[in-house]
Amino acid sequence: MYIYKVKDRNPMLIEQLERVWKESVKETHLFLSDAEINNIQKYIPQALMGVAQLIVAENESGIPIAFMGIEEHKLEMLFLAPQERGHGLGKKLIEYGIKEYAIDEVGVNEQNTKARGFYEHMGFRVYKRTETDEQGKPYPVLYMKLT
């Protein structure tokens, strides 16, 4: 496995990461309908192109299997291919982000209880809750800080 900061956000990479995103969301965001996932997916390439720091993990074959996006000290996105969950890759990415980018904050959908548990295991604690997500949808967000 190889973890690196993306320098060239080329169309092929963005397409591969969008696929990882969709597979991950279908596995972890069970509160979203397929129509909602497809609607959100339209904005993923823009988010991947626009996030300040884009970090990718590739498998031994050079295929992206996970990624995270960072703005200043906040983890904006972390998505793993479903088959990679539970093997320590998320932990490696978070540790990399803390060490290299001083990540100390994350927002997580309240309904994504496994993600919340993961971040709590990594030392993050909830400090704020909103009733809606950043787009105003009825999906409460928990804002967590590293303690």
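First, a word on what this report is: a plain description of the structure on this page. None of these values were measured; they are calculated from a predicted model.

Turning next to the overall build of the protein. Scanning the protein from terminus to terminus reveals 5 helices and 7 strands. Scaling as 2.2 N^0.38, a compact globule of 147 residues should have a C-alpha radius of gyration of about 15 Å, and the protein matches this with 14 Å. Buried positions account for 44% of the 147 residues belonging to the protein. For the protein, contacts bridging at least 24 residues in sequence account for 57% of all contacts bridging at least 6. Total accessible area computed for the protein in this model is approximately 8,200 Å², and 50% of it derives from carbon and sulfur atoms.

Under the counting rule described, the total for this entry stands at 7 salt bridges. A salt bridge links Arg19 to Glu15, with the nearest nitrogen and oxygen atoms 3.5 Å apart. With a gap of 4 residues between them, Arg19 and Glu15 both fall in helix 1 (residues 11–28), about one helical turn apart. Between Asp34 and Lys26 there is a salt bridge, and its shortest N-O distance comes to 2.9 Å.

For soluble globular proteins, nonpolar side chains are generally found buried alongside one another. Ranked by internal contacts, the top residues of the largest apolar core, which has 22 residues, are Met68, Leu75, Leu78, Leu93, Tyr119 and Phe124. If you list the elements that add at least two residues to this core, you get strand 2 (53–58), strand 3 (64–71), strand 4 (74–80), helix 4 (89–101), strand 5 (105–109), helix 5 (113–121) and strand 7 (141–146). Setting aside anything within four residues of it in sequence, one finds Phe124 in contact with Ile94, Ile103, Asp104, Glu105, Val106, Tyr119, Met144, Lys145 and Leu146. Ile14, Leu17, Val51 and Met77 belong to the second largest nonpolar core, which has 19 residues in total.

The next point concerns a negative patch on the surface. A contiguous patch of negative charge on the surface is contributed by Glu71, Glu72, Glu76 and Glu134. Residue position: Glu71 is located in strand 3.

The rules behind the values
- Residues numbered from 1 in each chain as written.
- Predicted model: local features only at pLDDT ≥ 70, side-chain atom pairs only at ≥ 80, totals over all residues.
- Heavy atoms only, no water.
- Helix = DSSP H or I, 4+ residues; strand = E, 2+ residues; numbered from the N terminus.
- Rg over C-alpha atoms; globule rule 2.2 N^0.38 Å.
- Buried < 20%, exposed > 50% of the residue type's maximum accessible area, 1.4 Å probe, protein only.
- Contact = heavy atoms within 4.5 Å.
- Areas by Shrake-Rupley, 256 points an atom, 1.4 Å probe, with all protein chains shown as cover.
- Salt bridge = Lys/Arg side-chain N within 4 Å of Asp/Glu carboxyl O.
- Core = buried A, V, L, I, M, F, W, Y, C linked by side-chain atoms within 4.5 Å.
- Patch = residues over 30% accessible without salt bridge, like charges linked within 9 Å, V, L, I, M, F, W, Y side chains within 5 Å.
- Lys, Arg positive; Asp, Glu negative; His and termini not counted.
- Charge placed at Lys NZ, Arg CZ, Asp CG, Glu CD.

Purely geometric numbers; function is a separate question.
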